[in-house]
Amino acid sequence: MTLDPEHNKSAMEIGTLYVEELRATMRGRFALVGAGVILLAVGCVATVGTQDTWLDGYGIIAYFLVPLAFIPLAAVFVASPRANRFVESVFTAPVERSDWLTAKILVIVTIAAAYYVALVPMVLVYTHHVGVPLLLQKLLIWAPCLLVASIAMGTLIGVLFIGESIAAPAATGMGVLLAYAGFVPLQELLVAQGNGATRTGHLTLASPAVLLKNAFGFTLAVGSIPATTVRTWISLVAIIGIAFALAVWTFLRAQGVETWEASRSQRWIIALGIIATIVLPVAMADTNYDKPAPHATNAPSIQRLFSRAGGSLALTQPGGQPPPRCCSTILNRDEWPPFGTGEPTRRDLLVLLPVDLTQPVTDVHLQVAGENGLEATAPPAALAPLAQALEAHTYANDLGPAAADGHHVVTGWVARIPVTLTPTKPWDIGGVRYPLRVTGTYQVAGESAVRTFSARAAIDAQVSNAIYEMGVASLILPLTCFGAAFKRWRRTR
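The shown structure was predicted, so the numbers you read here are calculated from the model rather than taken from an experiment.

How each quantity is defined
Residues numbered from 1 in each chain as written. Predicted model: local features only at pLDDT ≥ 70, side-chain atom pairs only at ≥ 80, totals over all residues. Heavy atoms only, no water. Helix = DSSP H or I, 4+ residues; strand = E, 2+ residues; numbered from the N terminus. Buried < 20%, exposed > 50% of the residue type's maximum accessible area, 1.4 Å probe, protein only. Core = buried A, V, L, I, M, F, W, Y, C linked by side-chain atoms within 4.5 Å. Contact = heavy atoms within 4.5 Å. Pairing = 2+ DSSP bridges. Axes fitted to C-alpha atoms, helices over the stretch in contact; angles between N-to-C directions. Parallel < 35°, antiparallel > 145°, perpendicular 65-115°, else oblique. Nonpolar A, V, L, I, M, F, W, Y, C, P; charged D, E, K, R; others polar. Patch = residues over 30% accessible without salt bridge, like charges linked within 9 Å, V, L, I, M, F, W, Y side chains within 5 Å. Areas by Shrake-Rupley, 256 points an atom, 1.4 Å probe, with all protein chains shown as cover. Salt bridge = Lys/Arg side-chain N within 4 Å of Asp/Glu carboxyl O. Phe/Tyr/Trp six-rings, centres within 6.5 Å; stacked < 30°, edge-to-face > 60°. Expected span 1.5 Å × (residues − 1). Bend = angle between axes of the 7 residues up to and from the residue.

A. Expanded view of the environment of Gly-158. Of note, Gly-158 is situated in helix α8 (residues 134-160). For Gly-158, a relative accessible area of 1% translates into the label buried. When the C-alpha atoms of Gly-158 and Ala-170 are compared, they prove to be 8.4 Å apart, with twelve residues separating the residues in sequence.

In structure tokens:
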């Protein structure tokens, strides 16, 4: 088999142009500093996100919003040679214009790949402690596909603008980014309301992010996904292919050095191609949201628990007093740091009995049970306190528990139980809330019937060392960029 000499020559030219374009991009005065700042910002979000649900907040930013930012980035990258008149050398030098454009796109793809690789250290910290839940699996394949779609749209925008400024392609790219990003929560809201197949629901499919989300079969907040995805995949591949093909064809066939040279028919082809990238998915992609969405994370389903309303349980330091704002259903809401997973924590659990101080209470028997991986232990003697061991507490602002007749207790009885709480099996590295249930019985003086008590609350926990590990992991690449930038500055000043 013989290789085509022309093909080899073209490949060599593309390779040479790619290397030179990549070097020129990185030789920019603030290129490395800018890359370091971006990676530092994403890393800060990852580190701060360890204090709450990391996967939802960080995942949306790192795997959704930043990949969409490659739309204006690609647009400016392709349009800038025209603005600084460098493109004149491309049209007059002995280099194929197609080779130059291919090399330019490959540089953008390289930058996108470098960004994706930069996310790996934070993901490794997360998976080390939590594993790989379904949502993370989907985000890991959503992001590179979204990067490809963003580069396609950004390249088309950059090619379409011929001028002495990059303001127009940058502004257009930002507008498209905002539209694509805004369609995602709008589509989720419409699906949640059962309106995913309406005209507005179809309009949201113009966003490649929505198409990819539907095609991969996951959601961010709602419980339904399309039952079929064939037409969604066809629409997605078609608009990316149209965008790339239209950008290349326009650059090679319809434009000159500084002005458009398109004929009437060519202008119609360009206009119809742009319209197709919008109309095709809107008219064709699947909207039969009849399939239940898979559970995105390993978090348990906990309902009617995390409100800010008052509860019947409180948590204090051993021997401590109830919190001033008694009592949140998140028992350690005001504590910092939250409880560490895998670490036993000793506290006093206060059980606020709905009985006025004027009514003596006897025969108290309580049980404490943790749920979803929370281990809660208490001394047997503390679960059946004597009447004289009960404490009195006065509640402010009518926040006491509701008595049997409906009124809120102002001064009532409190049972203090020393407990050891050990959160295990975390499903995130921060913001993990474990339910805690207290049940029991007690006798009120003057009543023959035994009263029952039942209350649920939760504790907030996190992987205690994850915030430090995430901080270190997120600093590796930014510091590398800053170090390279400083070394270059010392060499070239």
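B. View of the nonpolar core. Formed by 81 residues in total, the largest nonpolar core has its most connected members in Trp-54 and Tyr-58. Looking at this core, the element that brings in the most residues is α8, giving 14 residues. Those residues within four positions of Tyr-58 in sequence are excluded, and the remaining contacts are Val-42, Val-45, Ala-46, Tyr-63, Leu-119 and Met-122. Judged by nonpolar contacts, the second largest core, of 34 residues, contains Leu-313, Leu-366, Trp-427 and Ala-455.

C. View of the sheet that holds strand β11 (residues 451-462). Strands sit in the order β4-β11-β10-β6 across an open sheet of four strands; the sheet is mixed. In the strand order of this sheet, the two ends are held by β4 (339-340) and β6 (361-370), each with one partner. Relative to β11, strand β10 (residues 432-444) runs antiparallel, the two sharing eleven bridges. Along β11, the bridge assignment pairs Leu-436 with Ala-457.

D. A look at the packing of helix α6 (residues 97-118) against helix α7 (residues 120-130). Packing of α6 against α7 brings their axes to within 5 Å, and their N-to-C directions diverge by 30°. Considering the angle they form, α6 stands roughly parallel to α7. Two secondary-structure elements touch here, α6 through Tyr-116, Val-117 and Ala-118 and α7 through Val-120, Pro-121 and Met-122. Classifying every residue of the contact of α6 with α7 gives six nonpolar, no polar and no charged.

E. Structural view of the environment of Thr-47. You can see Thr-47 is positioned in helix α2 (residues 31-49). Each C-alpha atom, one on Thr-47 and one on Leu-475, is 10.0 Å from the other, the two residues being 428 residues apart in sequence. Aside from chain neighbours lying at most four places away, what touches Thr-47 is Ile-467, Met-470, Gly-471 and Ser-474.

F. The pairing of strand β9 (residues 411-423), seen in detail. Burial of β9 is extensive: ten of the 13 residues sit out of reach of the surface. Across nine bridges, the pairing between strand β5 (residues 345-356) and β9 is antiparallel. Bridge pairing in β9 places Asp-356 opposite Gly-412. Pairing between strand β8 (residues 391-394) and β9: four bridges, direction antiparallel. Looking across to β9, one finds that Ala-392 is bridged to Trp-413.

G. Representation of a nonpolar patch on the surface within the structure. Where nonpolar side chains cluster on the molecular surface, the patch consists of Trp-268, Leu-272, Ile-275, Ile-278 and Val-279 and spans about 510 Å² of accessible area. Among the structural elements, Trp-268 can be located in helix α13 (residues 264-284). On the accessibility criterion, Trp-268 (53% relative accessible area) is exposed.

H. Structural context of the packing of aromatic side chains. Evaluation of the coordinates by the stated rule reveals nine aromatic pairs. Between Phe-70 and Tyr-115, the ring centres sit 6.4 Å apart and the planes meet at 55°, which makes this aromatic pair tilted. In this pair, Phe-70 is assigned in helix α4 (residues 70-83) and Tyr-115 in helix α6, connecting sequence segments 45 residues apart. Taken together, a centroid distance of 5.0 Å and an interplanar angle of 55° make the contact between Trp-427 and Tyr-434 tilted.

I. Local environment of the packing of helix α9 (residues 167-192) against helix α11 (residues 208-216). Interhelical geometry of α9 versus α11 gives an angle of 45° and a closest axis separation of 7 Å. The angle between α9 and α11 places the two elements in the oblique class. On α11, the residues touching Tyr-180, Phe-183, Val-184, Gln-187 and Glu-188 of α9 are Pro-208, Ala-209, Val-210, Lys-213 and Asn-214. A class-by-class count of the residues in the contact of α9 with α11 yields six nonpolar, two polar and two charged.

J. Expanded view of α11. Within α11, nine of the nine residues are buried, which leaves it mostly tucked inside the rest of the structure. Turning to α11, its buried residues are Pro-208, Ala-209, Val-210, Leu-211, Leu-212, Lys-213, Asn-214, Ala-215 and Phe-216. Residues of α11 that are buried sit in contact with α3 (54-68), α8, α9, α12 (230-254) and α13. The positive-phi residue at the C-terminal boundary of α11 is Gly-217, with phi of around 70°.

K. Structural detail: α13. Between its terminal C-alpha atoms α13 stretches 29 Å, which fits the 30 Å expected from 21 residues at 1.5 Å a residue. Most pronounced at Ala-276, the bend in α13 amounts to some 35°. For α13, the complete set of buried residues consists of Gln-266, Ile-270, Gly-273, Thr-277, Pro-281 and Val-282. Check the buried side of α13 and you find it contacts α8, α10 (199-203), α11 and α12.

L. Local environment of the pairing of strand β7 (residues 374-377). With burial as the criterion, only one face of β7 is covered, namely that bearing Leu-374 and Ala-376; the residues Glu-375 and Thr-377 on the opposite face remain uncovered. Sheet topology note: the β7/β9 ladder contains four bridges and is antiparallel. Residue pairing in the sheet places Glu-375 in a bridge with Thr-422 of β9.

Just distances and angles here, no functional claims.
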